[in-house]
Structure formats: C-alpha cells, structure tokens
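Residues per chain, in single letters:
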Amino acid sequence: MEELLPYLIVCPLVFLAGFIDAIAGGGGLISLPAYLIAGLPAHAALGTNKFSSTMGTTVATLQYARNGFIHWRQVIVAIPATLIGAYFGSRLALVVPERTFLIIMLFILPLTAAYILLRKKSLTGNGNHYPPVKTALIITVLAFFIGVYDGFYGPGTGTFLMITLTGLAHVSLNDAAGITKTINLTSNITAFTVFLVNGVVWLKLGFVAALFSIAGNYLGAKYFTSKGTQIVRPAILLVLTIFLVKIIHDLLA
C-alpha cells in the first residue's frame with residue numbers, strides 16, 4: 001500500500017493540474033506540490049513534475065495548433081531564447097540545496113498563487129498592435145526570462161506568459177494562448193532533459209502521472225472557455241493549503 005500511496009496522491013492532482021493549466025495556466029501550482037505531498041525530495045519533485053507536465057503540455061500544444069491558435073512566425077524566434085533560459089534555470093535549481101529549495105518554495109509559491117488568484121483584471125488583448133519586428137523582439141525577451149523561471153521553478157509560468165504577452169507584446173488573447181503553449185513546451189522539454197541527465201527523475205511515477213496529465217490537458221484544451229476558469233481558484237487554494245502544511249512539517253522535523 002505504501003508503494004501505491006504516491007500514485008494515489010499524485011495522479012488525481014496531476015490530472016486536475018493539467019486540466020487547469022490548459023484552460024488558464026497555473027497548473028504547476030497544483031502538480032509540483034502534489035509530488036512533495038507524496039513524499040518526493042525537492043529535486044526529484046521538480047524533475048518528475050517536468051516529466052508529466054511535458055507530456056501533458058505536448059498534447060495541449062498540439063490541440064491548440066490544430067485549432068489554429070499557434071502562428072509559427074510569432075513563436076519561431078522565441079524557441080531558442082526559451083531553450084537557453086530554461087537550461088540555465090534548471091541547472092541553477094540543481095545546485096540549490098534541498099532544504100534551501102523547500103524554504104524558497106514555502107515563500108515563493110504562495111506569493112505566486114496570491115498574485116494569480118487576487119488579480120482582478122481579466123486577460124484581454126491590447127488593440128494597439130506593434131509592428132511584427134517589435135512584437136517578435138518582445139516575445140523573445142519574455143521567452144528567455146520565462147524560460148529561466150520555468151527551468152528553476154515553474155508554477156504560474158503559463159499565467160505569467162498570458163499576462164505579459166497580452167499586456168506588453170500587445171498580442172490577442174488567442175495568439176497569446178498559442179505562444180504560451182509553445183514556449184511552455186520548449187522550457188518543459190529543456191528542463192526535463194537536464195533533470196533526467198542528472199538522475200533526479202522518478203521515471204515510473206512520472207510516466208503514470210504523465211498519462212493523467214495528458215488526459216487533463218486534452219480535456220482542458222478541448223473545453224477552453226471562460227466558464228472553465230471557475231474551478232481554478234478553489235482547487236489551487238485547497239492544494240496549496242495541504243502543501244504548506246506538508247512543507248512546514250518537513251522543515252520542522
């Protein structure tokens with residue numbers, strides 16, 4: 001039963017995370033704590049989370065591409081910048097001591113969640129579109145820094161991208177959704193590769209969780225509507241509460 005417990009904890013939460021991530025971003029606010037609640041060490045939680053989230057994000061990205069949300073001329077220049085940023089971010093995560101990383105998560109993850117949950121302004125595209133070259137430059141710069149963040153930590157990446165792409169790059173909401181998925185997939189693949197090479201990925205658990213992530217992302221991308229975001233806030237708050245209790249317990253133990 002003890003061997004099954006991590007699966008019973010992780011898989012349902014990863015499914016929920018995938019569903020939420022495909023709709024509104026922020027799925028990492030649920031999936032990363034899920035692995036920590038299940039008892040994985042911090043670096044293993046990061047690496048294994050990247051495994052399952054990469055698989056789920058792949059499905060969601062393909063779904064968005066099929067629906068015409070991805071314009072490759074907008075994202076092609078951002079992919080190399082994302083790759084470089086995610087590589088440095090994931091390498092940095094590996095050299096941070098485990099206890100230090102738990103303390104970082106104890107503070108940063110709730111702050112990330114609070115920003116996302118308390119943000120009143122809805123996501124809307126800015127009508128004043130920039131020239132293509134300026135838009136591409138802004139997207140590339142954003143891709144690098146988001147890549148660093150996603151490689152090092154990750155939760156909230158999709159939401160941050162949607163906010164900055166619509167607010168700073170002045171792209172439409174649909175275009176921002178496609179760009180977000182492409183950048184997110186690139187950073188996930190890069191970080192997962194770094195974690196895998198360094199032996200911190202629990203492959204068996206990650207593979208099973210990936211199936212649940214794929215299912216959640218598929219359904220979330222299929223039902224990408226504003227009404228779907230109603231489940232985001234209560235789900236994130238519930239998981240974060242459990243996560244904070246677990247982290248505090250581990251640090252005091």
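Summary of the structure given here. Small disclaimer: the values here were computed from a predicted structure and weren't measured.

Things to note about the overall build of the chain
So, step 1. Each helix and strand in the chain was counted, giving 11 helices and zero strands.
So, step 2. Of the regular secondary structure in the chain, the N- to C-terminal order runs α-α-α-α-α-α-α-α-α-α-α.
So, step 3. A buried classification covers 53% of the 253 residues belonging to the chain.
So, step 4. The contacts of the chain with a sequence gap of at least 6 include a subset with a gap of at least 24, amounting to 85%.
So, step 5. Accessible area of the chain: about 11600 Å², with a carbon and sulfur share of 72%.

Some points on the packing of aromatic side chains
So, step 1. The final tally for this structure, using the stated rule, is six aromatic pairs.
So, step 2. Seen from their ring centres, Phe101 and Phe152 are 5.4 Å apart, and the 50 degrees between their planes marks the pair as tilted. With Phe101 in helix H6 (residues 98-118) and Phe152 in helix H7 (residues 132-152), the pair connects residues that are 51 residues apart, well separated along the chain. The pair Phe101 / Phe152 is uniform in exposure class, with both members buried.
So, step 3. Plain terms: the ring middles of Phe144 and Phe145 are 5.2 Å apart, the flat faces sit at 80 degrees to each other, and that makes the pair edge-to-face.

Digging into the packing of helix H3 (residues 42-66) against helix H9 (residues 173-197)
So, step 1. Relative orientation of the contacting elements H3 and H9 amounts to 150 degrees, with a least axis distance of 8 Å. The angle between H3 and H9 falls in the class roughly antiparallel. Relative to H9, H3 is oriented so that their crossing is left-handed. Within the contact between the two elements, H3 uses Leu46, Gly47, Lys50, Phe51, Ser53, Thr54, Thr57, Thr58, Ala60, Thr61 and Tyr64 and H9 uses Ala177, Gly178, Lys181, Thr182, Asn184, Leu185, Asn188, Ile189, Ala191, Phe192 and Phe195.
So, step 2. Class assignment of the residues belonging to the contact of H3 with H9 gives a composition of 10 nonpolar, 10 polar and two charged.

Description of the nonpolar core
So, step 1. The biggest cluster of nonpolar side chains holds 38 residues, and the ones touching the most others in it are Tyr35, Leu36, Phe101, Met105, Tyr153, Phe195 and Phe243.
So, step 2. In terms of residue count, the dominant contributor to this core is H6 (six residues).
So, step 3. Excluding its chain neighbours within four sequence positions, the residues that come into contact with Met105 are Leu32, Leu36, Ala42, Pro110, Tyr153 and Phe243.
So, step 4. Listed in part, the 23 residues of the second largest apolar core include Ile70, Val75, Ala78 and Ala221.

Cut-off values and rules
Residues numbered from 1 in each chain as written. Predicted model: local features only at pLDDT ≥ 70, side-chain atom pairs only at ≥ 80, totals over all residues. Heavy atoms only, no water. Helix = DSSP H or I, 4+ residues; strand = E, 2+ residues; numbered from the N terminus. Buried < 20%, exposed > 50% of the residue type's maximum accessible area, 1.4 Å probe, protein only. Contact = heavy atoms within 4.5 Å. Areas by Shrake-Rupley, 256 points an atom, 1.4 Å probe, with all protein chains shown as cover. Phe/Tyr/Trp six-rings, centres within 6.5 Å; stacked < 30°, edge-to-face > 60°. Axes fitted to C-alpha atoms, helices over the stretch in contact; angles between N-to-C directions. Parallel < 35°, antiparallel > 145°, perpendicular 65-115°, else oblique. Left-handed = near helix turned anticlockwise from the far one by under 90°. Nonpolar A, V, L, I, M, F, W, Y, C, P; charged D, E, K, R; others polar. Core = buried A, V, L, I, M, F, W, Y, C linked by side-chain atoms within 4.5 Å.

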